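Residues per chain, in single letters:
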Amino acid sequence: MVRVEEAEKIILQQCKDFETEIISFDNCLGRVLAENIIADRDLPAFDRVTMDGIAINHEAFRNGERSFKIKATQSAGEKPIDIDADDECIEIMTGAVLPSTTDTVIPYEEIEIKDGIATVKTERPLIHQNIHSKGKDKKQNEILVEANQFITPAIIAIAATVGKTSLLVKKNPAIVIISTGDELIEIDETPTAFQIRRSNGYTLRAVLQQHGLRADIQHLPDDQKIILEKLEYSINNYDIILLTGGVSMGKFDYIPSALENLRVKKLFHKVQQRPGKPFWFGSHQNGALVFAFPGNPVSSFMCLYRYFLPWLRISWQVKTDKNFAILNENLTFKPSLQYFLQVKLQNNEKGILLASPVEGNGSGDFTNLLQTDAFMELPLEKVDFKKGEVFPIWVFKQIL
Ligand code: AMP
Ligand code: MG
């Protein structure tokens with residue numbers, strides 16, 4: 001049996017490079033960017049007018065001029081129109097280029113227009129006001145977005161702005177989720193009194209979907225021969241095999257021996273944790289990695305968040321910060337296991353993240369996941385956990 005930190009270390013030593021591919025930028029949301037996005041020109045690309053109104057030369061105003069003859073009207077997208085004299089102005093729209101003979105934009109709200117003359121009503125137009133000046137945000141050739149991060153809507157905005165119609169992204173691994181167990185039937189079948197529908201595969205796949213990943217699903221009976229045959233196929237055809245069930249001490253838990261028969265090297269079996277103690281992890285020389293999670297629904301779910309997703313992010317070289325919250329109740333946990341406590345998260349009025357325990361009925365009680373937002377990882381060394389103490393959390397439901 002290994003400790004949680006050791007299990008994590010062993011898993012992270014198996015990080016992989018999944019190479020890259022180029023895809024259309026509008027299919028990139030949630031993928032991992034594999035190139036820097038560079039400014040093809042200054043941002044903004046020109047002195048951009050930010051209010052509808054008139055453009056004047058501020059010096060004229062300082063010299064006492066208050067009425068300006070409207071020489072022309074310039075809309076966004078038009079070539080700039082210069083004034084010829086200081087008592088002239090250009091009626092100008094948001095998004096237009098500021099004419100080089102002007103330096104100040106006064107909005108409609110602060111002028112009065114009559115017979116082609118705009119009279120300024122405000123006493124203090126500031127020079128350069130209502131102008132978003134060229135290159136103020138970023139300069140041409142500057143890096144706008146660094147590689148190795150998830151592509152967000154804001155990154156899509158940047159890609160569109162600089163005309164990147166396709167982006168280099170990290171490839172996703174080929175994943176298969178395999179559940180095992182004779183008691184488990186397909187979800188559209190009617191269970192007998194001693195059967196249940198198999199839910200884990202769909203749960204794990206849904207979590208992966210939330211992270212932009214696809215996965216095939218399979219189910220195997222507790223039959224050594226079939227397990228061997230099907231696992232061999234998966235080892236040869238997928239990068240990642242996520243198993244759920246069949247890794248404990250039961251008479252029909254054939255997975256560990258089958259994996260070892262197929263020369264998947266065991267890197268650990270059993271982690272000093274609750275839930276998820278029977279977790280088995282190994283690698284095959286062809287590169288396939290096997291995360292064999294215990295079948296209890298909460299165990300599989302927790303192990304996916306605690307071990308698989310961090311492994312994936314580090315393989316993609318995406319930097320992620322650990323999250324923490326404050327325990328909001330006293331709690332005692334005696335077993336010599338690192339406890340992943342289910343908690344409900346709430347931001348209090350001071351903006352502090354509080355975690356209230358909702359323990360449920362153990363690792364088989366997946367209805368409790370509906371009431372909770374995260375696992376709080378309580379250190380192995382302690383038995384008594386006090387309200388107000390801070391511990392890491394693994395969030396599975398976004399609360400904001
Ligand atoms: P096992 O790890 O195979 O001993 O399974 C532990 C418990 O989880 C048993 O009660 C199983 O019936 C249950 N279980 C295993 N796999 C699934 C699954 N795919 N969906 C729902 N429950 C499961
Ligand atoms: Mg089983």
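This text goes with the structure placed above it.
Note that the structure is predicted; figures quoted are calculated from it, not measured. (Residues numbered from 1 in each chain as written. Chains lettered and ligands numbered in written order. Predicted model: local features only at pLDDT ≥ 70, side-chain atom pairs only at ≥ 80, totals over all residues. Heavy atoms only, no water.)

Q: When you look at the nonpolar core in this model, what are you seeing that I'm missing?
A: What tends to happen in soluble globular proteins is that the nonpolar side chains get buried as a cluster. Membership of the largest hydrophobic core comes to 41 residues, with the highest contact counts inside it found for Leu242, Phe279, Phe291 and Phe308. Mapped onto this core, the elements with two or more residues apiece are α1 (4–12), β13 (175–180), α4 (200–210), β17 (240–244), β21 (289–293) and α7 (297–315). When sequence neighbours within four positions are dropped, the list of residues in contact with Phe291 reads Ile11, Ile240, Ile241, Leu242, Leu243, Phe279, Trp280, Phe281, Tyr307, Phe308 and Trp311. In this structure, Ile227, Leu231, Ile255 and Ala292 belong to the second largest nonpolar core, which totals 20 residues. (Core = buried A, V, L, I, M, F, W, Y, C linked by side-chain atoms within 4.5 Å. Buried < 20%, exposed > 50% of the residue type's maximum accessible area, 1.4 Å probe, protein only. Helix = DSSP H or I, 4+ residues; strand = E, 2+ residues; numbered from the N terminus. Contact = heavy atoms within 4.5 Å.)

Q: Even after reading the chapter, I still don't get the site of ligand 1, so can you show me in this structure?
A: The immediate surroundings of ligand 1 are formed by Ser179, Glu183, Leu184, Ile196, Arg198, Ser199, Asn200, Gly245, Gly246, Pro294, Gly295 and Asn296. Between ligand 1 and Glu183 there is a distance of 2.5 Å, counted from an oxygen atom to a side-chain nitrogen or oxygen. Gly246 is positioned with one of its backbone polar atoms (N or O) 2.9 Å from an oxygen atom of ligand 1. In isolation ligand 1 has 490 Å² of accessible area, and contact with the protein removes 79% of it. A per-class count over the shell around ligand 1 returns three nonpolar, seven polar and two charged. (Near = heavy atom within 4 Å. Polar contact = N/O pair within 3.5 Å; in protein donor to acceptor, adjacent residues only side chain to side chain. Areas by Shrake-Rupley, 256 points an atom, 1.4 Å probe, with all protein chains shown as cover. Nonpolar A, V, L, I, M, F, W, Y, C, P; charged D, E, K, R; others polar.)

Q: I would appreciate a short explanation of the side chain of Arg313 in the present structure.
A: Here Arg313 lies in helix α7. Filtering out sequence-adjacent residues up to four positions away, Arg313 remains in contact with Phe150, His211, Val318 and Thr320.

Q: Hey, could you run me through the packing of α4 against α7 in this one?
A: Two measures define how a pair of helices packs: the angle their axes make with one another and the distance between the axes. Relative orientation of the contacting elements α4 and α7 amounts to 30 degrees, with a least axis distance of 10 Å. As the angle between them shows, α4 and α7 are arranged roughly parallel. In this structure, α4 crosses over α7, and the sense of that crossing is right-handed. Residues Asn200, Thr203, Leu204, Val207, Leu208 and Gln210 of α4 touch α7, and the partners they reach there are Pro297, Ser300, Phe301, Leu304, Tyr305, Phe308 and Leu309. (Axes fitted to C-alpha atoms, helices over the stretch in contact; angles between N-to-C directions. Parallel < 35°, antiparallel > 145°, perpendicular 65-115°, else oblique. Left-handed = near helix turned anticlockwise from the far one by under 90°.)

Q: Just to check I follow, could you spell out the sheet that holds strand β8 (residues 111–114) for this structure?
A: Within a sheet, neighbouring strands are paired by backbone hydrogen bonds and run either parallel or antiparallel to one another. Sheet architecture is open: six strands sit in the order β7-β4-β6-β5-β9-β8, paired in mixed fashion. Each of the sheet's edge strands pairs with one partner strand only, and the pair in question is β7 (104–107) and β8. Strand after strand, the sheet turns through a mean of 35 degrees between neighbouring axes, direction not considered. Pairing between strand β5 (residues 67–74) and strand β6 (residues 88–92): five bridges, direction parallel. Bridged to Thr73 within β6 is Glu91. (Pairing = 2+ DSSP bridges.)

Q: Explain the sheet that holds strand β20 (residues 280–284) to me, please; I cannot follow it from the model alone.
A: Strand order across the open sheet formed by six strands is β16-β13-β17-β21-β20-β18, with mixed pairing between neighbours. Two strands in the sheet have a free side with no partner beyond their single neighbour: β16 (216–220) and β18 (264–269). Each neighbouring strand pair of the sheet contributes to a mean axis angle of 20 degrees, computed without reference to strand direction. As paired elements, β20 and β21 share four bridges and run antiparallel to each other. Bridged to Gly282 within β21 is Val290. Strands in contact with α4 are β13, β16, β17 and β21; relative to β13, the strand with the most contacts, it is inclined by about 155 degrees. Seen against the sheet, helix α5 (residues 224–237) touches β13, β16, β17, β18 and β20 and runs at an angle of roughly 160 degrees to β16.

Q: Got a minute to help me understand α5 in this structure?
A: Each α-helix turn comprises 3.6 residues. Residues three or four places apart therefore point the same way. The first and last C-alpha atoms of α5 sit 20 Å apart over 14 residues, in line with the 20 Å expected at 1.5 Å per residue. Regarding α5, the residues found buried are Ile227, Leu231, Ser234 and Ile235. Looking straight down α5, one finds its buried side chains confined to an arc of 100 degrees; they lie on one side. The elements touched by buried residues of α5 are β13, β16, β17, α6 (255–261), β18 and β20. One side-chain oxygen at the N-terminal end of α5 lies 2.9 Å from the backbone nitrogen of Lys225; it belongs to Asp223. (Expected span 1.5 Å × (residues − 1). Arc of directions from axis to C-beta.)

Q: In this structure, what is going on with the packing of aromatic side chains? I would like to understand it.
A: A ring pair, where both rings are aromatic, is described by two values, the distance of the centres and the angle of the planes. Taken as a whole, this structure holds 19 aromatic pairs when the rule is applied. Aromatic pair Phe252 and Tyr254: ring centres 6.4 Å apart, planes at 80 degrees, arrangement edge-to-face. In this structure Tyr254 comes out as buried when scored by relative accessible area, which is 17%. One aromatic cluster is present, formed by Phe18, Phe268, Phe279, Phe281, Phe291, Phe293, Tyr307, Phe308 and Trp311 through successive ring pairs. We note Arg66 situated over the ring of Phe61; from NZ or CZ to the ring centre the distance is 3.6 Å. Its end group placed over the ring of Tyr307, Arg306 keeps NZ or CZ at 5.4 Å from the ring centre. (Phe/Tyr/Trp six-rings, centres within 6.5 Å; stacked < 30°, edge-to-face > 60°. Lys NZ or Arg CZ within 6 Å of the ring centre and 35° of its normal.)

Function cannot be inferred from these measures alone, as they are strictly geometric.
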